Amino acid sequence: MLYAVIPAGGSGTRLWPLSRAGHPKFLHPLTGTSASLLQATVERLAPLTTPDRTLVVTGAAHVAAVARQLTVLPEENILVEPSPRDSCAAIALAAAVIAARDPNAVMGSFAADHLIRDTDSWVCTVQEAVRGAEQGLLMTVGITPTRAETGYGYLETGDPTEGVPWRPVAEFKEKPAAEVAEAYVRSGRHLWNASMFVWRVDVFLAELARQQPALHAGVAAIAAAWGTPEQDDVLGAIWPTLPKISVDYAVMEGAATAGRVATVPGDFGWNDVGDFHTLGDVLPTDDAGNVVLGTEAKPGVLLRDSSNLVVVPQSGRLVAVLGLRDLIVVDTPDAVLVCPRDRAQDVKTLVDELKERGEEGYV
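Residues numbered from 1 in each chain as written. Predicted model: local features only at pLDDT ≥ 70, side-chain atom pairs only at ≥ 80, totals over all residues. Heavy atoms only, no water.

Q: Got a minute to help me understand the UniProt feature "domain: MannoseP isomerase/GMP-like beta-helix" (unreviewed entry) in the protein in this structure?
A: Under the UniProt annotation, the feature "domain: MannoseP isomerase/GMP-like beta-helix" (unreviewed entry) is placed at residues 305–354. End C-alpha to end C-alpha, residues 305–354 measures 34 Å, and it is 16% helix and 36% strand. (UniProt positions renumbered as here; feature names shortened; annotations may be inferred. Helix = DSSP H or I, 4+ residues; strand = E, 2+ residues; numbered from the N terminus.)

See the structure below:
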């Protein structure tokens, strides 16, 4: 049975002021239901694994909230990273801890803050990736592109092998310019990189040791002390010394060059919920195309002669909009955001400016 690892980090700055460093987007119910993105991720994994084989890697500031939301997980399955070191350290730590429990385990890594519309199709795609991982490949789940998206990285695939559902990954591609993205989609050889990975832990750790020996040595030492009285001391001493690097850069790009990476293409309504405009595209709308998040709260929202809005009422005040279209309105107790939907990606710049001004309380 699969071990599932859920990296739960980041602050979702493009979803500010709803998502904050202390309460990031994966803890919010952005699924169209009462479930948070994190809870929805765990629920989605139910056909593939069990709570005792599901691990969450999160920061110290979020441990209590994660534990409250995921009461089905054993306490020891919430791994705490003392400070952000990017995805490779978090995923490698989980792999090393799992390897100590079960050296032959197959592990999948799935982000805490993605939406997936067709869970059954997603499960079937992951199961195919598990079969590839059992053969010693480092597997990814690639997303069949529906448009020339410039906000995602891509996987360039090679020719498929007859009789298997996966394709070799020739190269990981950075987020492209618009004309490059158009060429990728036309080629039929490129998939969106959704950062979903499946591999045998021994294969991944061996590849980590080959490409990132210092990082491998560090997480191995931490894992050896995990669950012992020395755990916190070892973690506190070694963790800050680990390279701050993503798993794509640290391992997967080099492994692809060596012919060790493959991908299973998937088409299951994936979305990374990157900004408020995206929420407006994926959540149910009213007849005028408006999305209102959290309508149970009173006094709620009053919309007149307005269309294609994304409204997030979080302050307890009435939010009223008259005669507007294609806007985002986010109302929280200490900050209000109003911007055009086509500027949703730029919300991050507001967070950057607040940091520069030293107004961390709003971040």
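So much for the structure itself; the text now carries on.
Q: What is the right way to look at unusual backbone geometry in this model?
A: Negative phi values dominate among residues other than glycine, just as trans dominates among peptide bonds. Residue Trp-16 is joined to Pro-17 through a cis peptide bond whose omega torsion reads 5°. Note on placement: Pro-17 falls in the loop between β1 (3–8) and α1 (37–44). One non-glycine residue, Asp-305, lies in the positive phi region at around 50°. The class of Asp-305 is exposed, set by a relative accessible area of 67%. (Buried < 20%, exposed > 50% of the residue type's maximum accessible area, 1.4 Å probe, protein only.)

Q: I'm lost on the UniProt feature "domain: Nucleotidyl transferase" (unreviewed entry) in the protein in this one. Help?
A: Listed under "domain: Nucleotidyl transferase" (unreviewed entry) in the UniProt record, and renumbered for this structure, are residues 4–282. Between the end C-alpha atoms of residues 4–282 there is a gap of 25 Å, over a span that is 38% helix and 20% strand.

Q: Is there a simple way to explain the domain arrangement of the protein in this structure?
A: It is common to report an interface's size as the accessible area lost on association of the parts. The domain architecture assigned to the protein consists of domain 1 (3–271) and domain 2 (276–362). On a C-alpha basis, the centroid separation for the pair domain 1 and domain 2 is 29 Å. Taken together, the 13 residues of domain 1 in the interface contact 22 residues of domain 2. Both faces considered, domain 1 and domain 2 share a buried interface measuring about 1,600 Å² in area, 68% of it formed by carbon and sulfur atoms. Summed over the shared surface of domain 1 and domain 2, the result is one salt bridge. With its nearest N and O atoms 2.7 Å apart, the salt bridge here joins Arg-20 to Asp-334. (Domains from an automatic or database assignment. Contact = heavy atoms within 4.5 Å. Buried area = accessible area lost by both parts, 1.4 Å probe. Salt bridge = Lys/Arg side-chain N within 4 Å of Asp/Glu carboxyl O.)

Q: Sorry if this is basic, but what is going on with helix α11 (residues 347–356) here?
A: For an α-helix, 3.6 residues make a turn, and residues three or four places apart therefore share a direction. Of the residues making up α11, those classed as buried are Val-347, Val-351 and Leu-354. Summarising the axial view, the buried residues of α11 lie within an arc of 60°, below the 170-degree limit, and thus occupy one face. On the buried face of α11, the contacting elements are β17 (336–340). Positive backbone phi, approximately 80°, marks Gly-358, located one or two places after α11. (Arc of directions from axis to C-beta.)

Q: Please clarify how the side chain of His-114 should be interpreted in this entry.
A: Following the sequence through the fold, His-114 ends up in the loop between β4 (106–109) and β5 (115–116). For His-114, a relative accessible area of 10% corresponds to the buried category. For His-114, the side chain forms a polar contact with the side chain of Trp-270, separated by 3.0 Å. (Polar contact = N/O pair within 3.5 Å; in protein donor to acceptor, adjacent residues only side chain to side chain.)

Q: Looking at this structure, I do not really get the pairing of strand β10 (residues 261–266). What am I missing?
A: A regular strand places its side chains on the two faces of the sheet in alternate fashion. For β10, a buried count of five out of six residues is recorded, marking the element as mostly surrounded by other parts of the structure. As paired strands, strand β6 (residues 138–143) and β10 are joined by six bridges and run parallel to one another. Each bridged residue has a counterpart across the sheet, and for Val-141 the counterpart in β10 is Val-264. (Pairing = 2+ DSSP bridges.)

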